[in-house]
Amino acid sequence: MALDDCPPQANACAIVLIKRQKGGLVVGREVRRFTPRDGPVVQDVISRVYRLGMKWTPGRK
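Draft legend 1. Expanded view of the nonpolar core. Within the largest apolar cluster, 6 residues are counted, these being A12, A14, F34, V42, V45 and I46. Looking at which element gives the most residues to this core, the answer is helix α1 (residues 42-49), with 3 residues. Aside from chain neighbours lying at most four places away, what touches V42 is N11, A12 and F34.

The structure is reproduced here in structure tokens:
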């Protein structure tokens, strides 16, 4: 998967999916891109889609 082949409107992507399975971890390839139309704060959208339970707040470097 090349990260440069995504549509120009995509501003985030998920590239790995890690699952618990039979007492271990399974790492799989995930190709899912997120755009502003998915939601105004893409981190919240990703957290909701993958049921991560994270709460994002605005910040700066």
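Draft legend 2. Just the layout of surface pockets, in detail. Its volume calculated, the largest pocket comes out at about 300 Å³. Taken together, A14, V16, L17, I18, K19, R20, L25, I46, V49, Y50, R51 and L52 make up the full set of residues lining the largest pocket. Mapped by element, the contributors of at least two residues to the lining of the largest pocket are β1 (12-21) and α1. Looking at which element gives the most residues to the lining of the largest pocket, the answer is β1, with 6 residues. Residues of the lining of the largest pocket, tallied by class, amount to 9 nonpolar, no polar and 3 charged.

Draft legend 3. Molecular detail of the pairing of strand β2 (residues 24-34). The pairing of β1 with β2 spans 9 bridges and is classified as antiparallel. Directly across from L17, in β2, lies its bridge partner G28. Once β1 ends, the chain turns through 2 residues before running back antiparallel as β2, passing K22 with a positive phi of about 50°.

Conventions we followed
Residues numbered from 1 in each chain as written. Predicted model: local features only at pLDDT ≥ 70, side-chain atom pairs only at ≥ 80, totals over all residues. Heavy atoms only, no water. Core = buried A, V, L, I, M, F, W, Y, C linked by side-chain atoms within 4.5 Å. Buried < 20%, exposed > 50% of the residue type's maximum accessible area, 1.4 Å probe, protein only. Helix = DSSP H or I, 4+ residues; strand = E, 2+ residues; numbered from the N terminus. Contact = heavy atoms within 4.5 Å. 1 Å grid on protein atoms, 1.4 Å probe; cavity = no way out; pocket = protein on both sides within 12 Å on 5 of 7 lines; lining within 4 Å. Points joined across faces, edges and corners; volume = space filled by probe spheres on them. Nonpolar A, V, L, I, M, F, W, Y, C, P; charged D, E, K, R; others polar. Pairing = 2+ DSSP bridges.

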